There are 4 protein chains.
Amino acid sequence: RSPLALIAGPCVIESREGCMAIADKLVKLSKKQNIPLVFKASYDKANRTSINSYRGPGIAKGLEILSEIKEKYNVPVLTDVHSVEEIHIASKVVDIIQLPAFLIRQTDIVVAAGESGAVVNVKKAQFAAPWDMAQVVKKIESTGNTKIMLTERGASFGYNTLVADMRSLIIMRELGYPVIFDATHSVQSPGGKGDSSGGDGRFAPYLAKAAAAVGVDGMFIETHPDPENALSDGPNMIPTKDLSRLWKKLSAIDEVK
Amino acid sequence: RSPLALIAGPCVIESREGCMAIADKLVKLSKKQNIPLVFKASYDKANRTSINSYRGPGIAKGLEILSEIKEKYNVPVLTDVHSVEEIHIASKVVDIIQLPAFLIRQTDIVVAAGESGAVVNVKKAQFAAPWDMAQVVKKIESTGNTKIMLTERGASFGYNTLVADMRSLIIMRELGYPVIFDATHSVQSPGGKGDSSGGDGRFAPYLAKAAAAVGVDGMFIETHPDPENALSDGPNMIPTKDLSRLWKKLSAIDEVK
Amino acid sequence: RSPLALIAGPCVIESREGCMAIADKLVKLSKKQNIPLVFKASYDKANRTSINSYRGPGIAKGLEILSEIKEKYNVPVLTDVHSVEEIHIASKVVDIIQLPAFLIRQTDIVVAAGESGAVVNVKKAQFAAPWDMAQVVKKIESTGNTKIMLTERGASFGYNTLVADMRSLIIMRELGYPVIFDATHSVQSPGGKGDSSGGDGRFAPYLAKAAAAVGVDGMFIETHPDPENALSDGPNMIPTKDLSRLWKKLSAIDEVK
Amino acid sequence: RSPLALIAGPCVIESREGCMAIADKLVKLSKKQNIPLVFKASYDKANRTSINSYRGPGIAKGLEILSEIKEKYNVPVLTDVHSVEEIHIASKVVDIIQLPAFLIRQTDIVVAAGESGAVVNVKKAQFAAPWDMAQVVKKIESTGNTKIMLTERGASFGYNTLVADMRSLIIMRELGYPVIFDATHSVQSPGGKGDSSGGDGRFAPYLAKAAAAVGVDGMFIETHPDPENALSDGPNMIPTKDLSRLWKKLSAIDEVK
């Protein structure tokens, strides 16, 4: 039985140095607690609420940084993509291509992700039911690629609010692929601050524990040394310094569940 | 630190013998695993979907059976009430008066429950936000009674569906009272079978684990030796024989969380 | 074909004089525009958010005022009830007994309303699907009473928010009874102001127009000469002086729909 | 005051002949009832539930057919796009570029639509609140393009269900742009049939009437001579033969509202 995996990193690459510093801390944590780690960072926040928000360094610079982290730390890396072209480029560098929740109904993008040969992590859309993921899975499988992961990240619950339905973890697991719980986006309040998304990061550790108890293959956690000053999704993120203590809990729950 | 408590029993009293048999099994379980137990049963299902459904033995006969169980097993008993009059009668027998979710906005009933001097377990309504419970709590506190428990049992999520928002356990705990998770009603599909409520009891153990990981003071679980033939809420209930194994898990999660 | 009916009045009886003044204006409006009018007022807001909120003059005083209005203006009157006992008392005075949304699953109350012989107006619960009303209707029909009205007043949509699903008017009409649209409660934000319910009354006329276009038998509108200073549900109400102009629109839509 | 506009056509172009036949009927209707008409058809259903579903003739063939309709009937045409590249190509032919609901958070696509100089019709996402559209509008306005239309097409309401919140029409109108109501997608049940979306087209005319009564600038209606045999979204569509009678109602409601 494999231990609980951790997919973690900043929401967006703010700088090479900042990204490396977070990677450094995560790699140390993964070694200390023997955690299968995937480093995650976005080169472009292509779907920010406001046009004035920071988007990232772009695909070229971003992949360069992810590539450097991959080599330096010998850790698999994940990034999210927003078009067929980006998939062609990103899949040459990263180990895991992530389909953003808003895009999982775009057949061409889903199929291109499958055809890339990379592992494909599908974020379940806020507008989708867990059983709806069967059709997304079939689209990827149609390419012959069965390296699929499915991630819960909250469902629409009235306006500007998400709710994490823990049953979804069981229902998606029945599709036969690893299931991940995204603890930090599940507490997001989409568009909740008018020109940016709000959320309440203090609930993220609790939801992570809940998901570990239900049973998942990994946790997706966005982290930042200083969430209050993060350039994207600060309100949801877990401070990097809190991860060590949290993971001891998650790991223990995973073992006894 | 007190161990996780268990509030359990059948949905409705089907017969004196059936009720005693379930109590017997639960008391044995509580002794074996050292679980603080509250025995729960309803004398009247006053809010069945259909007028043709079984409602129970009535308040007189039902309280007699609960009284017998209380004495025989020296276990506290809980029942739900549906009017001020029922509170006056039931609070003479039971230790915990439970306010059904649909009735928590009825000020007279809430106040009467407080004035009864019994412990009051409030089921959060399907139509209420967790922070809405602050006002219900104030109504009970206005009577001088602070023996209050708050129970999550799922929130309305579209038609005929509930979702258990695990954040609610944290938000309600901040009101300063013990929080209970109702694992079997949270998986209910209200009115989902047309003339009765459906649901999917196979999710109940998972949601119970999730709640234990978030942190609760107790679990509320409706159980039946043969859920398929139960006279009420069969689709949601956990078979009595499965409780021993489940509780080992819940207890272990509660300890490491 | 009968013209669109109007069920209107203040949320709660604030005083005999205030209630009479509103009745006077409504009766004048009904005569001028030839509107079948039912006067509506509550003697007790039994389910206020906060224990400190005004509840009303009580059943004795309240029914006296309703009785006076009924006689003076020769207009049918409606009030809502909260227990079997209240039904016995109120049905001696009022023409229409209204079952509050939160209470429509309480079989004894539903049956007592049916047995009273009065017309029964059932408010669809915030937690109920439109098709769930079939079972409530059957409970009333079981008493031999088929003088039933069904009222849409919004469904739970995330926390502290309601949404009016216009399809519900069609679905409920298929049950064979008159359907009413409650324009002022449908825009309520339940518990939305912390210790009271909020809402946005400016949407009420629009939703009323929408419902008229879909097709209903009547409108339920709470009105007050000065909503900002109303003792209950002020944020949702339509100012009495606006009703004349609104009704011309509603009536015209009803005719061409 | 301009009369209510109609944006109508088949969901997807099934064939040149089929498309022309529908256009022919719609143009005749628009002349007879003096309706400002926009012909709508998709060349590619890029977000079908299942990978096995029909997607359309593709962008080249599709735009050719739309171009032919535009010239033959002198009617503006609308189509939806799924990438920046498609916007570059389609905006050379069509008058109105439509941003699909799932894609309105993709800044590059939104900005490219603005930069195309075409009129941009934004479908409000199922996961978005009406006030969230302010940020999408700002993204388009940032390009200097203010030819914007906003379309309501239902909001997520639990799993596989949408609800049309009529308040959204008012809230979006306050952004200063024409507001359209999409009557046929609002009754969709996304993914509701497992490998395709279901829905209940019989509610579409009622919701259209409701929106007309609230006040909109236009209606978006997908239509087919034989919805049961349509290759996409059949369950929601309004039969073409029913449009004439429906429009008389909508137009009358629009005038008296």
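All values reported here derive from a predicted model rather than from experimental measurement.

**Student:** Where do I start with the overall build of chain A in this structure?
**Tutor:** A count of helices and strands for chain A gives 8 helices and 13 strands. The C-alpha radius of gyration computed for chain A amounts to 17 Å, which stays within 12% of the reference 18 Å derived for 257 residues, consistent with globular compactness. Its C-alpha atoms put chain A at 45 × 40 × 40 Å along the principal axes. Per-residue burial over chain A gives 65% buried out of 257 residues. A fraction of 66% describes how many contacts in chain A between residues 6 or more apart in sequence connect residues 24 or more apart. Accessible area for chain A stands at about 8700 Å²; split by element, carbon and sulfur atoms hold 50% of it.

**Student:** Just to check I follow, could you spell out the relation of the copies chain D and chain A for this structure?
**Tutor:** Each copy of the chain is related to the other by a rotation around an axis and a translation along that axis. You can overlay chain D on chain A at an RMSD of 0.0 Å; the transform is a turn of 180 degrees with a shift of 0.0 Å along its axis. Given the turn and translation reported, the copies of this chain are related as if by a two-fold rotation axis. When the interface residues of chain D are mapped onto chain A, 100% of them are again interface residues, pointing to one common binding face.

**Student:** Help me understand the pattern of salt bridges, please; the structure alone is not making it clear to me.
**Tutor:** One side chain can pair with another of opposite charge once the charged atoms of both are near each other. Going through the model one piece at a time under the given rule, you end up with 64 salt bridges over all chains. One salt bridge connects K45 of chain C with D80 of chain C, and the closest N-O pair in it is separated by 4.0 Å. Here the residue K45 of chain C occupies a position in the loop between β2 (37-40) and α2 (59-73), and D80 of chain C occupies one in strand β3 (residues 77-80), the gap between them amounting to 35 residues. For K45 of chain C, a relative accessible area of 10% gives the class buried. When salt bridges that share partners are traced, they join R16, E17 and E68 of chain A into one network.

**Student:** Just to check I follow, could you spell out the interface of chain D and chain A for this structure?
**Tutor:** As a measure of interface size, the accessible area lost when the parts come together is often cited. Facing the 37 residues of chain D at the interface are 37 residues of chain A. Interface of chain D and chain A: buried area, both sides summed, is about 3200 Å²; carbon and sulfur atoms make up 50% of it. Area buried by chain D at its contact with chain A is led by I51, R105 and Y159 of chain D, which between them contribute 23% of it. Inspection of the region where chain D meets chain A yields 2 salt bridges. For the salt bridge of D108 of chain D with R55 of chain A, the shortest nitrogen-to-oxygen distance reads 2.7 Å. Remark: the boundary between chain D and chain A carries 18 residue pairs in polar contact (both at pLDDT 80 or more).

**Student:** What should I look at first to understand the pairing of strand β4 (residues 96-99) of chain C in this one?
**Tutor:** Strand residues, when the strand is regular, have side chains that alternate between the two faces of the sheet. All names here are of chain C. Residue alternation in β4 divides its side chains into two sets, I96 and Q98 and I97 and L99, and both sets are buried. As paired elements, β3 and β4 share 3 bridges and run parallel to each other. Bridge pairing links D80 to Q98 in β4. The handedness of the β3 to β4 crossover, carried by helix α3 (residues 84-90), is right-handed. Pairing analysis gives 4 bridges linking β4 to strand β5 (residues 119-123), with the strands arranged parallel. Bridging across to β5, L99 finds its partner in V122. Note that the unit made of β4, helix α4 (residues 107-115) and β5 has a crossover that is right-handed.

**Student:** I would appreciate a short explanation of the packing of helix α1 (residues 16-32) of chain A against helix α2 (residues 59-73) of chain A in the present structure.
**Tutor:** Packed helix pairs are specified by the crossing angle of their axes together with the interaxial distance, meaning the distance between the axes. Residue and element names in this part refer to chain A. Direction vectors running N to C along α1 and α2 enclose 30 degrees, while the axes themselves pass 10 Å from each other. Accordingly, the angle class assigned to the pair α1 and α2 is roughly parallel. As α1 packs across α2, the resulting crossing turns out to be right-handed. Contact with α1, carried on its side by R16, C19, M20, A23, D24 and V27, involves I65, E68, I69, K72 and Y73 of α2 and no other residues of that element. Per-class residue counts for the contact of α1 with α2 are 7 nonpolar, no polar and 4 charged.

**Student:** Sorry, what's going on with unusual backbone geometry here?
**Tutor:** Trans peptide bonds make up most of the peptide bonds, and negative phi angles are found at most residues other than glycine. Residue and element names in this part refer to chain A. Phi angles above zero are rare outside glycine, and N160 is one such case at about 60 degrees. Tracing the backbone through its elements, the reader meets N160 in the loop between β7 (155-156) and β8 (162-163). The backbone of D233 shows a phi angle near 60 degrees, a positive value even though the residue is not glycine. Position of D233 relative to the elements: it lies in the loop between β12 (218-224) and β13 (238-239).

**Student:** Could you clarify how one ought to interpret the environment of P57 of chain A in this entry?
**Tutor:** Residue and element names in this part refer to chain A. If you trace the backbone, P57 turns up in the loop between β2 (37-40) and α2. For P57 and I238, which are 181 residues apart along the polypeptide, the C-alpha to C-alpha distance reads 22 Å. Aside from chain neighbours lying at most four places away, what touches P57 is I13, Y43 and G62.

**Student:** Even after reading the chapter, I still don't get the packing of aromatic side chains, so can you show me in this structure?
**Tutor:** The relative placement of two aromatic rings is captured by the distance of their centres and the angle of their planes. The final tally for this structure, using the stated rule, is 16 aromatic pairs over all chains. Seen in terms of ring centroids, W131 of chain B and Y159 of chain C are 5.1 Å apart; in terms of plane orientation they differ by 75 degrees. Their pairing is edge-to-face. In this pair, W131 of chain B sits in the loop between β5 (119-123) and α5 (133-141) while Y159 of chain C sits in the loop between β7 (155-156) and β8 (162-163), so the two residues belong to two different chains. Its relative accessible area of 13% is what places Y159 of chain C among the buried residues. Their ring planes at 85 degrees and their centres at 4.8 Å tell us that F157 of chain B and Y159 of chain D sit as a pair that is edge-to-face.

**Student:** Whenever I open this one, the pairing of strand β6 (residues 148-152) of chain C confuses me. Can you help?
**Tutor:** Residues and elements named next belong to chain C. Counting buried residues along β6, 5 of its 5 residues qualify, which places the element largely inside the surrounding structure. Examined bridge by bridge, β5 and β6 share 4 bridges and lie parallel to one another. Directly across from N121, in β6, lies its bridge partner M149. Following the chain from β5 across helix α5 (residues 133-141) to the adjacent parallel β6, one finds a crossover that is right-handed.

**Student:** Just checking my understanding: could you explain the side chain of S50 of chain C for this structure?
**Tutor:** Considering the arrangement of structural elements, one finds S50 of chain C in the loop between β2 and α2. Residue S50 of chain C is classed as buried on the basis of its relative accessible area of 7%.

**Student:** Can you walk me through the state of the cysteines in this structure?
**Tutor:** Think of a disulfide as a covalent bridge from one cysteine sulfur atom to another cysteine sulfur atom. Within this structure, the stated rule accounts for 0 disulfides over all chains. With no disulfide of its own, C19 of chain B lies closest to C11 of chain B among cysteine sulfurs, the gap being 11 Å.

**Student:** When you look at the environment of K123 of chain A in this model, what are you seeing that I'm missing?
**Tutor:** Residue and element names in this part refer to chain A. Looking at where K123 falls in the secondary structure, it is placed in strand β5 (residues 119-123). Assessed through its relative accessible area of 5%, K123 is described here as buried. Taking the C-alpha atoms as reference points, K123 and L150, 27 residues apart in sequence, are found 6.1 Å from one another. The residues contacting K123, other than those within four sequence positions of it, are Q98, L99, P100, A101, I104, M133, T151, R153, D182, H185 and F220. Here the side chain of K123 touches D182 through a polar contact of 2.8 Å, side chain to side chain.

**Student:** Looking at this structure, how should I read helix α7 (residues 204-214) of chain A?
**Tutor:** Residue and element names in this part refer to chain A. Most of α7 is tucked away, with 9 of its 11 residues classed as buried. For α7, every residue scored as buried is listed here: A204, L207, A208, K209, A210, A211, A212, A213 and V214. Just downstream of α7, G215 is the residue with a positive phi angle, here 115 degrees.

**Student:** How should the packing of helix α7 (residues 204-214) of chain B against helix α8 (residues 243-256) of chain B be read in this particular structure?
**Tutor:** Residues and elements named next belong to chain B. Contact geometry of α7 with α8 gives a least axis separation of 8 Å together with a crossing angle of 20 degrees. Classified by the angle their axes make, α7 and α8 are roughly parallel. Regarding α7 and α8, the two cross each other, and that crossing is right-handed. Note on element contacts: α8 touches α7 through L246, K249, L250, I253 and D254, opposite P205, A208, K209, A212 and A213. Classifying every residue of the contact of α7 with α8 by side-chain character gives 7 nonpolar, no polar and 3 charged.

**Student:** Where do I start with the environment of G198 of chain A in this structure?
**Tutor:** All names here are of chain A. Structurally, G198 is set in strand β11 (residues 198-199). Of the residues examined, G198 reaches a relative accessible area of 5% and is grouped as buried. Sequence separation of G198 and A90 is 108 residues, and the distance between their C-alpha atoms is 29 Å. Not counting chain neighbours up to four residues away, the residues in contact with G198 comprise Q188, S189, G192, K193, P235 and N236.

About the cut-offs
Per chain, residue numbering runs from 1 following the sequence as it is written. Chain letters start at A and ligand numbers start at 1, both assigned in the order the entries are written. Whole-chain, interface and lining totals are the exception, using all residues; otherwise, since this is a predicted model, local features are given only for residues with pLDDT of at least 70 and side-chain atom pairs are given and counted only at 80 or more. Based on all heavy atoms of the structure, the side-chain values leave hydrogens and waters out of the count. Under the scheme used here, helices are H or I runs from DSSP no shorter than 4 residues and strands are E runs no shorter than 2 residues, and both carry numbers assigned from the N terminus. Radius of gyration here uses only the C-alpha atoms, and the compact-globule reference equals 2.2 Å multiplied by the residue count raised to the power 0.38. The rule is simple: take the accessible area with a 1.4 Å probe, protein chains only, and divide by the maximum for that residue type; under 20% is buried, over 50% is exposed, in between is partly exposed. Residue contacts follow a heavy-atom distance rule, with two residues in contact if any of their heavy atoms lie within 4.5 Å. Note that accessible areas follow from Shrake-Rupley with a 1.4 Å probe, and for residues the cover is restricted to the protein chains shown. A residue counts toward the fit only if its pLDDT is at least 70 in both copies, and the copies are then superposed by least squares on the C-alpha atoms of those residues. Salt bridge, as used here: a side-chain nitrogen of Lys or Arg that lies within 4 Å of a carboxyl oxygen of Asp or Glu. Buried area: the accessible surface (1.4 Å probe) lost by two parts on joining, summed over both. Each polar contact in these results corresponds to two N or O atoms within 3.5 Å; when the atoms are within protein, one needs to be able to donate a hydrogen and the other to accept it, and residues that are neighboring in sequence are counted only if both atoms are side-chain atoms. A pair of strands is treated as paired once DSSP finds two or more bridges between them. Whether a crossover is right-handed comes down to one check: with the strands pointing away from the viewer, does the path from the first strand over the helix to the second run clockwise; if it does, it is right-handed. Where helices are involved, their axes are fitted lines through C-alpha atoms of the stretch in contact, as for all axes, and angles between N-to-C directions lie from 0 to 180°. Should an angle lie under 35 degrees it is considered roughly parallel, over 145 roughly antiparallel, and from 65 to 115 roughly perpendicular; all remaining angles are considered oblique. Two helices crossing with the near one rotated counterclockwise from the far one by less than a right angle form a left-handed crossing, whereas a clockwise rotation gives a right-handed crossing. Residues are grouped as follows: Ala, Val, Leu, Ile, Met, Phe, Trp, Tyr, Cys and Pro are nonpolar; Asp, Glu, Lys and Arg are charged; all remaining types, including Gly, are polar. Here the aromatic set is Phe, Tyr and Trp, taking the six-membered ring for Trp, and pairing holds for ring centres within 6.5 Å; pairs whose planes are under 30 degrees apart are stacked, those over 60 apart are edge-to-face, and all others are tilted. Here, a disulfide means two cysteine sulfur atoms that sit within 2.5 Å of each other.

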